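The lines below spell out each chain.
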Amino acid sequence: MSTVTMIYAGMFYIATLLLVVGLVYKIFDYSRTPAPLLIPTTPAPTTQKGVVYRMAKEVVLFESLFKSNKWIWAFGWLFHFGLFLVLARHLRYFTQPVWFWVDIVQPFGKYASIMMVLGLAGLLARRFVVDRVRYISTPSDYLMLVLLLGIGLSGMLMTFVAHTDIISLKEFIMGLMYFDVQPVPQDPILLAHLAMVALLMAIFPISKLLHAPGLFFSPTRNQADNPREHRHVAAWAARLDQNN
Amino acid sequence: MAVAEFDVPEMKDDIEVPKVREGTMSHVKSFLAPKPVQDFMGYPHELGEDWKERAIDKMGDLLGKYRSLKVFLDACVHCGACTDKCHYFLGTADPKNMPVARQDLMRQVYRRYFTTPGKLFPKLVGAKDLTKEILDDWYSYYHQCSECRRCSVFCPYGIDTAEITMAGREILNHVGMGQKYSNEILGKVQKIGNNLGLPGPALLDTLEGLEEDIEADTGVPVKMPIDVKGAEVLLITPSADFFSEPHVESLIGYAKVFHAAGISWTLSTHAAEAGNFGLFNGNYETMRKVAMRIRDAALELGVKRIVVGECGHAWRVAYSFWNTLTGIGYGGNDPFSIELQKQLDPAYPQPQHICELTNDLIKSGKVKVDPSLNDDLVVTYHDSCNVARASRMGTEPGGQFTIPRELIKSVVNNYHDMADDTIREATFCCGGGGGVLTDDLMEVRVKGALPRATALNNVVKENQVNFLALICAICKAQFTKVLPKYGFDMSMVGGVHQLVSKAIKLDVPPQAD
């Protein structure tokens, strides 16, 4: 086994471990932290079913962002929806035989990379052009977009310009999944693509990428508006009632 | 101490997003609470040697108690959606008044002490050590937020800057930097029973005077009962309703509604205050203590219904939190809440907003009104932030928008809404909410009122609006003081029940002689 293969195999095992353990810990941490008061941003749904519908609109359509700013919404939605299709397409490297719907998504996933990169470019441009957004941007905000652009552009290069050996790539990935490590194709573009993906996975649970699980735990969005009908008390707050 | 002079911003045709001008409001510093005030609240009154440890400890404590704080500090991606949504930013151009930047004042410290990247690569992620300079920034900018939640409507993750501001003020309290205005009021309400610090006898005296005024005015003996055991309704209303103009006009309106509907009601000296400044400081236990006065009064007086007068943040606390804090509401199955629930009349929502009550009475014909008595007025309505974005009226989402409007339209003939992006869930705060309604923050208040004043100006010009109807004691106090700076007459400000009071038809009893 070549050194490069060993490095990449190790890198992906570590990145996956960090991603999974980090996310599981964060989700556990969010769920154990109580929300002592009902603070949905109103008007809010009055039932749990309504909350699921409100949340679905936030997750799929970015409803609040749409109300806020059409530019951020357009770029943000292009990027996220593009990324979603691209990720779906990538499932073909992880499944044997390839699931039928992944085959269906395949051509869309190819061109969705364009959406993704356009969206990212727009978001990056806003960080330079809009004075308010420039003011709040930290180095990591720019680097995160650059990293994602790097992933998207290197992927597009391999899809549209300089094809890589996807048969060997799939063998490498399936090998990782079944703990039977196969050589990684030594294509510099692919190696760069994979390294950036591993980095993104590793930093996911310790960065602002936590907005993904965070949204589901956001009390202003996930609480039903029913305080007059239901008594909502957190455990630490319920103890105060005992003293009366 | 004199408050610095400042320029009133120029009102344009539309609400404009200003170019960022750093530091324009960094000089603002609300008066610090002195020793006796802090002592009563159990907070230190000056920074000790260990202030930094205390601050970080408190932050850790709050992060463990409030999911909102933890999720909101993690989830922000700096997308910029909120940057042009805060009335204080629109009125001051100070970038630290952009919601995300206000949050970042705390987030930079959170990242440094509570996250791995912030500990390892602070510069990369904008993490910073807590310094006196940052603490001063907190004090300045967490008192330039009215906790109005407008930003939370537009945030893709629902991040509510109010939650961060509340946590910031709580930490400041714990290191000895309390705000004089809010903490003084929290002392008064707990010691005397209301925010204005009015003793019981003064209150009785005032109510008697008002009864005489109403009778002289209408010929009808409308009563203002207080501490009456066995009354059906306990009315909890902001203490400003007893003494301030135009607030008192709404109190007269409530009294007339109860009289006309034949509902027995009472006020309470022990709970002569709907306002609960515990909300503003993010201290659950303080907020609970202040709210417990209402539970105690309800139990003592044996009332069947609890109705809340015109007050924005008070309605948020009453509607959203009273059940949680004090068991005023339904659905509790613990002895603490059952004790009160079994006394309350399940035919009515508990607590009930005075607008819900009056609107129902007018719609069902139990109270008669003549809207033509308000024909001298062209009315618009300002959605108070806490009512709009943190509570509800009626049974349907959005009832907090439709019910007050329905009520207003039933008592006036001329009504016009302000522009859509300035009302309902997108309403602009009056600029004085959330513990900002103090003269030492006048610059913040005046500049923060710019978006609302601009929207108002447009309906004044286009529709000849001459009355701004409100359901919040803070809005009333703020607008009467601040709108004149923008050239409006302060008499154009008043309560919804001031309009009801004018239009309501009372049966004049036959003269005895």
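Residues numbered from 1 in each chain as written. Chains lettered and ligands numbered in written order. Predicted model: local features only at pLDDT ≥ 70, side-chain atom pairs only at ≥ 80, totals over all residues.

Chemist: Which parts of the structure should I look at to understand the overall build of chain A?
Modeler: Counting its regular elements, chain A contains twelve helices and zero strands. Written out in order from the N terminus, the α and β elements of chain A read α-α-α-α-α-α-α-α-α-α-α-α. Within the span of chain A, comprising 244 residues, buried residues form 36% of the whole. The contacts in chain A between residues at least 6 apart in sequence include a share of 72% that link residues at least 24 apart. (Helix = DSSP H or I, 4+ residues; strand = E, 2+ residues; numbered from the N terminus. Buried ≥ 20, exposed ≤ 12 C-beta atoms within 10 Å, placed from the backbone. Contact = placed C-beta atoms within 7 Å.)

Chemist: Explain the overall build of chain B here, please?
Modeler: In terms of helices and strands, chain B carries 24 helices and seven strands. For chain B, the spread of C-alpha atoms along the three principal axes comes to 85 × 55 × 45 Å. A total of 513 residues make up chain B; the buried ones form 60% of that total. A sequence separation of at least 24 residues applies to 80% of the contacts in chain B between residues at least 6 apart.

Chemist: Please explain the nonpolar core as it appears in this structure.
Modeler: The nonpolar side chains of a soluble globular protein tend to be buried with one another. Residue and element names in this part refer to chain B. Among the nonpolar cores identified, the biggest contains 207 residues, and Leu234, Val379, Ile408, Ala469, Val496 and Leu499 are the most heavily contacted of them. Considering every element that reaches this core, the biggest residue donor is helix α16 (residues 312–326), with eight residues. When residues of this core are sorted by domain, at least three fall in each of domain 1 (35–178) and domain 2 (188–416 + 465–503). With near-sequence residues (within four places) excluded, Val496 lies in contact with Glu310, Cys355, Pro404, Leu407, Ile408, Ala469, Leu470 and Ile471. (Core = buried A, V, L, I, M, F, W, Y, C linked by C-beta atoms within 7 Å. Domains from an automatic or database assignment.)

Chemist: When you look at the interface of chain B and chain A in this model, what are you seeing that I'm missing?
Modeler: How big an interface is tends to be stated in terms of the accessible area lost upon association of its parts. Contacts between chain B and chain A engage 66 residues on the former and 60 residues on the latter. For the side of chain B that touches chain A, the leading source of residues is helix α3 (residues 67–75) of chain B, giving six residues. Among the residues forming the side of chain B that touches chain A, the class breakdown is 28 nonpolar, 22 polar and 16 charged. (Nonpolar A, V, L, I, M, F, W, Y, C, P; charged D, E, K, R; others polar.)

Chemist: Just to check I follow, could you spell out the sheet that holds strand β4 (residues 352–353) of chain B for this structure?
Modeler: Hydrogen bonding along the main chain pairs the strands of a sheet, whether they run parallel or antiparallel. Residues and elements named next belong to chain B. Taken in spatial order, the four strands of this open sheet run β2-β1-β3-β4, and their pairing is parallel. Each edge of the open sheet is held by one strand with a lone partner, namely β2 (265–266) and β4. Sheet topology note: the strand β1 (residues 233–236)/strand β3 (residues 305–308) ladder contains four bridges and is parallel. Note that in β3 the partner of Leu234 across the bridge is Ile306. (Pairing = 2+ DSSP bridges.)

Chemist: Would you mind showing me how to read the sheet that holds strand β6 (residues 467–470) of chain B here?
Modeler: Residue and element names in this part refer to chain B. With parallel pairing, three strands are arranged side by side in an open sheet as β5-β6-β7. The strands lining the two open edges of the sheet, one partner per strand, are β5 (379–381) and β7 (493–495). With strand direction ignored, the average angle separating the axes of adjacent strands in the sheet is 35 degrees. Strand direction decides the pairing type here: β5 and β6, joined by three bridges, are parallel. (Axes fitted to C-alpha atoms, helices over the stretch in contact; angles between N-to-C directions.)

Chemist: Sorry if this is basic, but what is going on with unusual backbone geometry here?
Modeler: Residues apart from glycine generally show negative phi values, whereas peptide bonds are mostly found in trans. Look at the link from Thr42 of chain A to Pro43 of chain A: it is a cis peptide, with omega at 0 degrees. Note on placement: Pro43 of chain A falls in the loop between α1 (3–32) and α2 (48–61). At the junction of Gln96 of chain A and Pro97 of chain A, the peptide bond is cis and its omega measures out at 0 degrees in the coordinates. Checked against the element boundaries, Pro97 of chain A lands in the loop between α4 (70–90) and α5 (100–129). For Arg424 of chain B, which is not a glycine, the phi torsion comes out positive at approximately 50 degrees. Note that Arg424 of chain B resides in the loop between α20 (399–411) and α21 (442–448). Since 18 C-beta atoms lie within 10 Å of it, Arg424 of chain B is described here as partly exposed.

Chemist: Just checking my understanding: could you explain the domain arrangement of chain B for this structure?
Modeler: All names here are of chain B. As assigned here, chain B comprises domain 1 (35–178) and domain 2 (188–416 + 465–503). In terms of residues, the side of domain 1 that touches domain 2 owes the most to one element, helix α10 (residues 161–175), which gives five residues. Here the residues of the side of domain 1 that touches domain 2 sort into four nonpolar, two polar and five charged.

Chemist: Would you explain the packing of α4 of chain A against α5 of chain A in this entry?
Modeler: Relative orientation and spacing of two packed helices are given, respectively, by the angle between their axes and the distance between those axes. All names here are of chain A. Contact geometry of α4 with α5 gives a least axis separation of 6 Å together with a crossing angle of 145 degrees. Handedness of the crossing formed by α4 with α5: left-handed. Each residue belonging to the contact of α4 with α5 can be placed in one class, and the counts come to 19 nonpolar, seven polar and three charged. (Left-handed = near helix turned anticlockwise from the far one by under 90°.)

Chemist: Sorry if this is basic, but what is going on with the environment of Trp99 of chain A here?
Modeler: Here Trp99 of chain A shows up in the loop between α4 and α5. For the pair Trp99 of chain A and Glu229 of chain A, spaced 130 residues apart in the sequence, the C-alpha separation amounts to 47 Å.

Chemist: Any chance you could explain the pairing of β6 of chain B here in plain terms?
Modeler: It is a general feature of regular strands that their side chains alternate between the two faces of the sheet. Residue and element names in this part refer to chain B. Where burial is concerned, the two faces of β6 agree: the one with Phe467 and Ala469 and the one with Leu468 and Leu470 are both buried. Taken together, the three bridges between β6 and β7 define a ladder with parallel strand orientation. Pairing of Leu468 across the sheet is with Val493, part of β7. Considered for its hand, the β-α-β crossover made up of β6, helix α23 (residues 473–482) and β7 is right-handed. (Right-handed = clockwise from strand over helix to strand, strands pointing away.)

Chemist: Even after reading the chapter, I still don't get α1 of chain A, so can you show me in this structure?
Modeler: A turn of α-helix holds 3.6 residues, and therefore any two residues three or four places apart point the same way. Helix length check: α1 of chain A (30 residues) gives 43 Å between terminal C-alpha atoms against 44 Å at 1.5 Å per residue, within 8%. Tyr8, Phe12, Ala15, Lys26 and Tyr30 of chain A are the residues of α1 of chain A that are buried. Residues of α1 of chain A that are buried make contact with α8 (166–177), α9 (188–203) and α10 (211–217) of chain A together with α3 of chain B. (Expected span 1.5 Å × (residues − 1).)

Chemist: Could you clarify how one ought to interpret the packing of helix α14 (residues 247–261) of chain B against helix α24 (residues 496–503) of chain B in this entry?
Modeler: Residue and element names in this part refer to chain B. The contact between α14 and α24 brings their axes to 7 Å, and the two run at 55 degrees. With respect to each other, α14 and α24 are oriented oblique. As for the relative orientation of α14 and α24, their crossing is left-handed in sense. Judged by residue contacts, Glu249, Ser250, Ile252, Gly253, Tyr254, Lys256 and Val257 of α14 engage His497, Gln498, Val500 and Ser501 from α24. Of the residues assigned to the contact of α14 with α24, the class counts are four nonpolar, five polar and two charged. (Parallel < 35°, antiparallel > 145°, perpendicular 65-115°, else oblique.)

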